[in-house]
Amino acid sequence: MPTIKINDVELSVNTGTLVLDACRQVGIDIPHYCYHPALTPVATCRMCLVDIKGQPKLATSCTTTVPPAPKDNPDAVVMEVFTNTPAVADARAGVMEFLLMNHPLDCPICDQAGECKLQDYSYNYGSGDSRMGEVKRRYRYEDLGAKIVIDKNRCIHCTRCVRFTREISGGGELTVASRGSHLEVTTFTGKSMDQNPFAGNVVDLCPVGALTSRDFRFKKRVWYLKSVPSISRHSALGNPIWMDHEGNQVHRFRPRPLEGKETTHFISDEERYAYVAYNRKGQAPAPSLKGAPATLDAIREVLQGVGTVAVIGQGTFGCDTAQRLGELASTPELRYGSGDKTIPVLLPKYQTSADGIFNRRGFTERGFRFGTLDELLAKVQQGAIKALVLLHDAAFTSNKEAELLGQILKAAPFSLALEVEPSDLGRAATAWLPIASCAEENDFIVNHDGELRRYQKALQAPKGILTVPALVKELAAVPVPV
Ligand code: SF4
Ligand code: FES
């Protein structure tokens, strides 16, 4: 590996490493706008300039790569980079002045305030002054369909959004029109972003507040939000996301890119808008037994006295949950897996499986057998199984599977459904118990690629509603004699 020096600190990196990435390795964050690890570099914003010894002009660190070490002297320092010279500071301040020339001072009403790179870099690298005496260019807000709103006054022409629609989502809805100070990002005539199932990503990509989400616009100041690492349950791979919440309500989902994992940069709009389902409405659901309100003790008593128990776990819950649920089965063979949602593969590079049961692997590793529900039905009909415990989320079950599960529940002398909210299937069970949602618990999954992904609690479950591991502990507890 060639050796380079960054501000006199030596490090060895792979040949071809971007100088910007090499700087990051020694803890130096180079300011940048147009660079994005998942997009083709274009080096248009000029914010990432660095001084390289022996080069007459400053160089863009987002496109300059580390050369190979000379064969006859592999230990030689191949490049000396300086990120803190007066020339670099001058260049950054100059770029900031240009970018702010036409940018409105509307931070108090801008959705991006608090997470805006223009704000951050202007504080850190700007001169604090402007020589702009002319009237600023003005545009009206425009809807790019129902999901995205553009404020061109704020655009700094980094073209990340344009490159995303061309290189990643593929629709090419966005383009740049005109020249010079009239340059503007716009859609091709008659196109909107509504048909793009990944449109929401342009909002995350925009380093300023030019592209905003119709759904999140003016809803929350971002500094009130707390971000908790979680996973998207509506992706085949359990994509890592940030769950931004406040006041025990989730307000948005954003992608949570993992270091060195390009496939984690983007999420689909279906995943993005799924946050709504995690906000509980109305009163918390209560346990029931034979259609009437019941206590957990009453349900436990029936379950413990009924005979052989089998469990059905849907592979969309966490591994801890699977482990504990499995313990309720009378024998390890009586653990059955369910769930049959599929997710169409629109971007093969980002989605390696169409199987929407994203923790199928985690459940299988804990003894749950998928595709064997017919066998379970036969056993129940033969009377070999007396009770069933079903862990279920209706969003991941097809009508066909729901019908089969319905037959199994009907044939069993006793059935207990564990759900966040009661579904038709849950109501058909003899007993029903509410459980905490994935936003209300800590757990992890093992996705189809064998990657372990953790998620953390963001919301407080209503009083009395337990996670599945806690609930199983209660259901398996030996009652204290009175
Ligand atoms: S709208 Fe945002 S992402 Fe697109 S070019 Fe302008 S600043 Fe960049
Ligand atoms: S980030 Fe390097 S030129 Fe824009």
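Structural data are supplied above this passage.
About the thresholds
- Residues numbered from 1 in each chain as written.
- Chains lettered and ligands numbered in written order.
- Predicted model: local features only at pLDDT ≥ 70, side-chain atom pairs only at ≥ 80, totals over all residues.
- Heavy atoms only, no water.
- Helix = DSSP H or I, 4+ residues; strand = E, 2+ residues; numbered from the N terminus.
- Contact = heavy atoms within 4.5 Å.
- Areas by Shrake-Rupley, 256 points an atom, 1.4 Å probe, with all protein chains shown as cover.
- Lys, Arg positive; Asp, Glu negative; His and termini not counted.
- Charge placed at Lys NZ, Arg CZ, Asp CG, Glu CD.
- Core = buried A, V, L, I, M, F, W, Y, C linked by side-chain atoms within 4.5 Å.
- Buried < 20%, exposed > 50% of the residue type's maximum accessible area, 1.4 Å probe, protein only.
- Polar contact = N/O pair within 3.5 Å; in protein donor to acceptor, adjacent residues only side chain to side chain.
- 1 Å grid on protein atoms, 1.4 Å probe; cavity = no way out; pocket = protein on both sides within 12 Å on 5 of 7 lines; lining within 4 Å.
- Points joined across faces, edges and corners; volume = space filled by probe spheres on them.
- Nonpolar A, V, L, I, M, F, W, Y, C, P; charged D, E, K, R; others polar.
- Phe/Tyr/Trp six-rings, centres within 6.5 Å; stacked < 30°, edge-to-face > 60°.
- Near = heavy atom within 4 Å.
- Sits in = over half its atoms within 2 Å of the grid points.
- Pairing = 2+ DSSP bridges.
- Axes fitted to C-alpha atoms, helices over the stretch in contact; angles between N-to-C directions.
- Salt bridge = Lys/Arg side-chain N within 4 Å of Asp/Glu carboxyl O.
- Disulfide = S-S within 2.5 Å.

This part is about the overall build of the protein chain. Each helix and strand counted, the protein chain has 13 helices and 22 strands in total. Considered along the principal axes of its C-alpha atoms, the protein chain spans approximately 85 × 60 × 45 Å. A fraction of 66% describes how many contacts in the protein chain between residues 6 or more apart in sequence connect residues 24 or more apart. For the protein chain, the exposed surface amounts to about 22,400 Å²; the carbon and sulfur share of it is 53%. Positive and negative charge centroids in the protein chain, built from 55 and 54 side chains respectively, lie 2 Å apart.

Ranked by internal contacts, the top residues of the largest apolar core, which has 66 residues, are Leu376, Leu388 and Leu416. Ranked by residues supplied to this core, first place goes to strand β18 (residues 387–391) with five residues. When residues no more than four places from it in sequence are discounted, the contact partners of Leu388 are Ala310, Ile312, Leu376, Val380, Ile408, Leu409, Ala412, Phe414, Ser415 and Leu416. Membership of the second largest hydrophobic core comes to 37 residues, among which are Leu39, Met47, Cys206 and Phe266.

Looking at where Lys219 falls in the secondary structure, it is placed in the loop between β10 (211–213) and β11 (226–231). It is 8.3 Å that separates the C-alpha atoms of Lys219 and His251, two residues lying 32 residues apart in sequence. Residues within four places of Lys219 in sequence aside, it is in contact with His251 and Tyr275. At 2.9 Å, the side chain of Lys219 forms a polar contact with the side chain of Tyr275.

Attention now moves to empty space enclosed by the protein. Following the criterion strictly, the structure yields four cavities of 30 Å³ or more and no others. What lines the largest cavity is a set of 13 residues, and nearest its centre among them are Cys155, Cys158, Cys161, Cys206 and Ala210. When grouped by side-chain class, the residues that make up the lining of the largest cavity number 10 nonpolar, two polar and one charged. Looking at the second largest cavity, its volume works out to about 50 Å³. Along its surface, the second largest cavity is lined by His103, Asp106, Cys107, Cys110, Gln112, Ala113, Cys116, Gln119 and Gly209. For the lining of the second largest cavity, the class distribution of residues is four nonpolar, four polar and one charged.

What follows deals with the packing of aromatic side chains. Summed over all chains, the structure comprises nine aromatic pairs. Between Phe164 and Phe266, the ring centres sit 4.9 Å apart and the planes meet at 55°, which makes this aromatic pair tilted. Residue Phe164 is located in helix α4 (residues 160–168), and its partner Phe266 is located in the loop between β13 (249–255) and α6 (269–272); the two are separated by 102 residues in the primary sequence. For the pair Phe164 and Phe266, one class covers both residues: buried. Among the aromatic residues, those joined into a cluster by ring pairs are Tyr33, Tyr121 and Tyr125.

What follows covers the site of ligand 1. Near ligand 1 the following residues occur: Cys155, Ile156, His157, Cys158, Thr159, Cys161, Val185, Cys206, Pro207, Val208, Ala210 and Leu211. Using a 2 Å cut-off from the grid points, one finds that ligand 1 occupies the largest cavity. Residue classes in the shell around ligand 1 are distributed as 10 nonpolar, two polar and no charged.

Let us look at the sheet that holds strand β17 (residues 335–338). Spatial ordering of the open sheet is given by β15-β14-β20-β19-β18-β16-β17, a layout of seven strands whose pairing is mixed. Each of the sheet's edge strands pairs with one partner strand only, and the pair in question is β15 (292–293) and β17. Two strands pair when backbone bridges link them, and strand β16 (residues 309–314) and β18 are joined in this way by five bridges, in the parallel orientation. In the sheet register, Val309 faces β18, and the bridge partner there is Ala387. Together, β16, β17, β18 and β19 (414–419) form the strand contacts of helix α8 (residues 319–326), whose direction differs from that of β16 by roughly 170°.

This part takes up the pattern of salt bridges. Throughout the structure, instances matching the rule amount to 30 salt bridges. The salt bridge involving Glu262 is made with Lys349; its shortest N-O contact spans 3.0 Å. With Glu262 in the loop between β13 and α6 and Lys349 in the loop between β17 and α9 (360–365), this residue pair connects regions lying 87 residues apart in the sequence. You can call Lys349 exposed: its relative accessible area is 54%. Glu440 is the partner of Arg280 in a salt bridge, and the nearest nitrogen-oxygen pair spans 2.9 Å.

Another aspect to go through is the layout of surface pockets. Computed from the structure, the largest pocket encloses a volume of approximately 1,400 Å³. Of the residues in the lining of the largest pocket, the class split is 20 nonpolar, 12 polar and 18 charged.

Going residue by residue along strand β9 (residues 184–187), you find Glu184 and Thr186 tucked away on one face and Val185 and Thr187 tucked away on the opposite face as well. Pairing between strand β8 (residues 174–177) and β9: four bridges, direction antiparallel. Looking across to β9, one finds that Ala177 is bridged to Glu184.

Take helix α3 (residues 117–125) next. Where α3 is concerned, the buried positions are Leu118, Gln119 and Tyr121. For α3, the elements touching its buried residues are α2 (86–100).

Here five strands make up an open sheet; going across it, the order is β2-β1-β5-β3-β4 and the pairing mixed. Strands with a single pairing partner mark the edges of an open sheet, and in this sheet they are β2 (9–12) and β4 (59–60). One ladder, built from four bridges, connects strand β1 (residues 3–6) with β2; its direction is antiparallel. Bridging across to β2, Ile6 finds its partner in Val9. Contacts between α2 and the sheet are confined to β3 (49–52) and β5 (77–82), with β3 contributing the most and set at about 160° to the helix.

What follows deals with the state of the cysteines. The tally for this structure, following the rule as stated, stands at zero disulfides. No disulfide involves Cys319; its sulfur sits 13 Å from that of Cys438, the nearest cysteine.

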